[in-house]
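# A closer look at the structure
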Amino acid sequence: MAPDDLVIGTAAAGGGHHLDAGYPDPFTHDKKYRKLLAAEFSSVSPENQMKWDFIHPERGVYNFAAADAIVDFAEANGQVVRGHTLLWHSQLPAWVHAIEDPAELRAVLKDHIETVVGRYAGRIQQWDVANEIFADEWDKGGLRLRDGSAEHAVNPFIEKLGPGIIADAFRWAHAADPQAKLFLNDYAVEDWNRKSTAYYDLAKQLLAQKVPLHGFAFQAHLDLQYPFPSTLRANMQRFDDLGLETAITELDVRFTLPANGVPTDAQLAQQAATYQGVLEACLAVEDCNSFTIWGFNDKYSWVPGFFSSQGAATVMWEDYERKPAYHALHETLAAAQD
Ligand code: 9MR
């Protein structure tokens, strides 16, 4: 249903919270899941399988099997892949945190980027090179790079190597795969707000320095208790106006479940309208070329494990029955064909 210049993606479930969930690895074991993953999507993002702790668990030890399987699957099904992620403070193994010597840490990051990006060169459409590099206004110390200057979750690369490491990560990724489009990616940047403006300023700076930055991505982990990000479209447009691509990379829409655990019709309708609103914003912005939801069925969603009493954040029920949100996306794409 999607226009030719827009891929519709999902996270490929595995690793991370799935490891303790008591079911076998979804991507490799759930046949129905694989069938729908192949049939319903034109882009796939490894949910955890390309993150440091998964792919580079020990110094000198790379574990490529799961990532290889996802890239092979995508190619076999005519899908593209979003690589996720290279410069991030989270899911970083202890051995990386333990490196104190800046020259050594820099060499380790460079080797990681060259090795991982190089391995899939020509096979990854977009890479989230830098993920969540800003702390939030609600963190102690407020909005600022995660450089360790306040009590936020610290990105040890930025802390120990300085903010210039962001540009270097992009340069190393570009050298390793000149075809891949390289992105900044974060949450709480959907609205035109202080955080998205910090990214806007950073993006302008990087472009002025001729850093190979190609896109800005909005994760879009939304929650119905907050208003719809009504400035999303204008906000995307200002990045588009810089000459950048934009993307929606991790959309899901959570809400607080009623006591009986069953979403109300009103909640499902509001959720559907929210999915639709985000897709419409992407459709309205010329170089929004990639629209990804963070998982497609509630059984495998990260949400219930991270937010107590919230859930039902995806477009399909646990048994893969389609929810109103699924139909809303489908109809919105159909309408865009006219
Ligand atoms: O969905 C991912 C989950 O399986 C992991 O346990 C979790 C650990 O941080 O990461 C989840 O994915 C995150 C993504 O990589 C970056 N943006 C926020 C996502 C949801 O936490």
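### Overview of a negative patch on the surface
On the surface, a cluster of negative charge is contributed by Asp-4, Asp-5, Glu-286 and Asp-287. With respect to the helices, strands and loops of the structure, Glu-286 is situated in the loop between helix H11 (265-284) and strand S11 (288-293). Judged by relative accessible area, which is 63%, Glu-286 ranks as exposed.

### Some points on the packing of aromatic side chains
As enumerated under the stated definition, the model contains 18 aromatic pairs in all. Measuring from centroid to centroid gives 5.2 Å for Tyr-62 and Phe-64, while their planes differ by 5°, and the two rings are stacked. For Tyr-62, a relative accessible area of 21% corresponds to the partly exposed category. Residue classification places Phe-64 among the buried residues on the basis of a relative accessible area of 14%. A ring pair is formed by Phe-216 and Phe-239, whose centres lie 4.3 Å apart and whose planes are at 15°; its orientation type is stacked. Highlighted residues: Phe-216 in strand S8 (residues 215-218) and Phe-239 in helix H10 (residues 232-241), separated in sequence by 23 residues. Ring-pair connections join several aromatic residues into one group, and the members of that group are Tyr-23, Tyr-33, Phe-41, Phe-296, Tyr-300 and Tyr-320. The ring of Tyr-187 carries Lys-195 above its face, with NZ or CZ at 3.9 Å from the centroid. Against the face of Trp-317 rests Lys-323, its NZ or CZ located 4.8 Å from the ring centre.

### A few points about the pattern of salt bridges
Counted under the stated rule, the structure contains 17 salt bridges. The partner of Arg-194 in a salt bridge is Glu-137, and the shortest N-O contact between them spans 3.0 Å. With a gap of 57 residues between them, Arg-194 in helix H9 (residues 194-208) and Glu-137 in the loop between strand S5 (134-135) and strand S6 (144-145) connect regions that are remote in the sequence. With relative accessibility at 52%, the residue Arg-194 sits in the exposed group. Owing to a relative accessible area of 43%, Glu-137 belongs among the partly exposed residues under this scheme. Close ionic contact of Lys-140 with Glu-151 constitutes a salt bridge, the shortest N to O distance being 3.6 Å. Placement of Lys-140 in the loop between S5 and S6 and of Glu-151 in the loop between S6 and helix H7 (156-161) is noted, with a sequence separation of 11 residues between them. Look at the salt bridges and you will find they share partners, linking Asp-72, Glu-75 and Arg-123 into a network.

### Things to note about the side chain of Asn-48
Within the fold, Asn-48 resides in the loop between strand S2 (43-46) and helix H3 (52-55). On the basis of relative accessible area, Asn-48 is assigned to the buried category, the value being 4%. A distance of 2.9 Å separates a polar atom in the side chain of Asn-48 from the backbone oxygen of Gly-14. Other than its neighbours up to four places away in sequence, Asn-48 contacts Gly-14, Gly-15, Gly-16, His-18, Phe-54 and Gln-91.

### Thoughts on the environment of Leu-279
Note that Leu-279 resides in helix H11. In this structure Leu-279 comes out as buried when scored by relative accessible area, which is 0%. What Leu-279 contacts, discounting residues up to four positions off in sequence, is Leu-6, Phe-291, Leu-329, Thr-332 and Leu-333.

### Some thoughts on unusual backbone geometry
Between His-84 and Thr-85 the backbone carries a cis peptide bond, its omega angle lying at 0°. For Gln-91, which is not glycine, the phi dihedral falls at a positive 50°. With respect to the element layout, Gln-91 can be found in the loop between strand S3 (80-87) and helix H5 (94-97). Accessibility expressed as a relative area gives 21% for Gln-91, which makes it partly exposed. In this model, Ala-188 sits at a positive phi of 60°, which is unusual for a non-glycine residue. Tracing the sequence through the fold places Ala-188 in the loop between strand S7 (181-186) and H9.

### A short note on the pairing of S8
Residues Gly-215 and Ala-217 line one face of S8 and the alternating positions Phe-216 and Phe-218 line the opposite face, and both faces are buried. Bridge count between S7 and S8: 4 bridges; the pairing is parallel. For Phe-183, the partnering residue across the bridge sits in S8 and is Gly-215. Pairing between S8 and strand S10 (residues 245-256): 4 bridges, direction parallel. Each residue of the ladder has a partner; that of Phe-216, found in S10, is Thr-246.

### A few points about the site of the ligand
Looking at the ligand, there are 17 residues lining it, with His-17, Glu-47, Lys-51, His-84 and Glu-250 nearest. Glu-47 has a polar side-chain atom sitting 2.4 Å from an oxygen atom of the ligand. At 3.3 Å, a side-chain N or O of Gln-91 approaches an oxygen atom of the ligand. When the ligand is considered free in solution it has 450 Å² of accessible area, and contact with the protein chains removes 89% of it.

The rules we used
- Per chain, residue numbering runs from 1 following the sequence as it is written.
- With the structure being a predicted model, the display of local features is reserved for residues of pLDDT at least 70 and the display and counting of side-chain atom pairs for 80 or more, all residues being used for whole-chain, interface and lining totals.
- The basis for every side-chain value is the complete set of heavy atoms in the structure, and neither hydrogens nor water enter the calculation.
- What makes a patch is a set of residues exposed beyond 30% relative accessible area and free of salt bridges, joined within 9 Å when like-charged and within 5 Å when nonpolar (Val, Leu, Ile, Met, Phe, Trp, Tyr).
- Computed with a 1.4 Å probe, the accessible areas rest on the Shrake-Rupley method; for each residue, only the protein chains presented here act as cover.
- Think of a salt bridge as a Lys or Arg side-chain nitrogen and an Asp or Glu carboxyl oxygen that are within 4 Å of each other.
- Positive charges are assigned to Lys and Arg, negative charges to Asp and Glu, while His and the chain termini are left out of the count.
- Where a charge lies is defined by one atom per residue type: Lys uses NZ, Arg uses CZ, Asp uses CG and Glu uses CD.
- Comment: elements are numbered from the N terminus, with helices defined as DSSP H or I runs of at least four residues and strands as E runs of at least two.
- Type-normalised accessible area, obtained with a 1.4 Å probe on protein chains alone, sets the label of each residue: buried when under 20%, exposed when over 50%, and partly exposed for intermediate values.
- Aromatic contacts are taken between Phe, Tyr and Trp rings whose centres are within 6.5 Å, Trp giving its six-membered ring; a plane angle under 30 degrees counts as stacked, one over 60 as edge-to-face, and the others as tilted.
- Two limits define a charge over a ring: the Lys NZ or Arg CZ must be within 6 Å of the ring centre, and within 35 degrees of the ring normal.
- Each polar contact in these results corresponds to two N or O atoms within 3.5 Å; when the atoms are within protein, one needs to be able to donate a hydrogen and the other to accept it, and residues that are neighboring in sequence are counted only if both atoms are side-chain atoms.
- For this analysis, residues touch if any pair of their heavy atoms sits within 4.5 Å.
- In this analysis, strands are considered paired if DSSP registers two or more bridges between them.
- Definition of nearness: a residue and a molecule or strand are near each other if at least one heavy atom of the residue lies within 4 Å of the molecule or strand.

Functional significance is not addressed by these values, which are geometric in nature.
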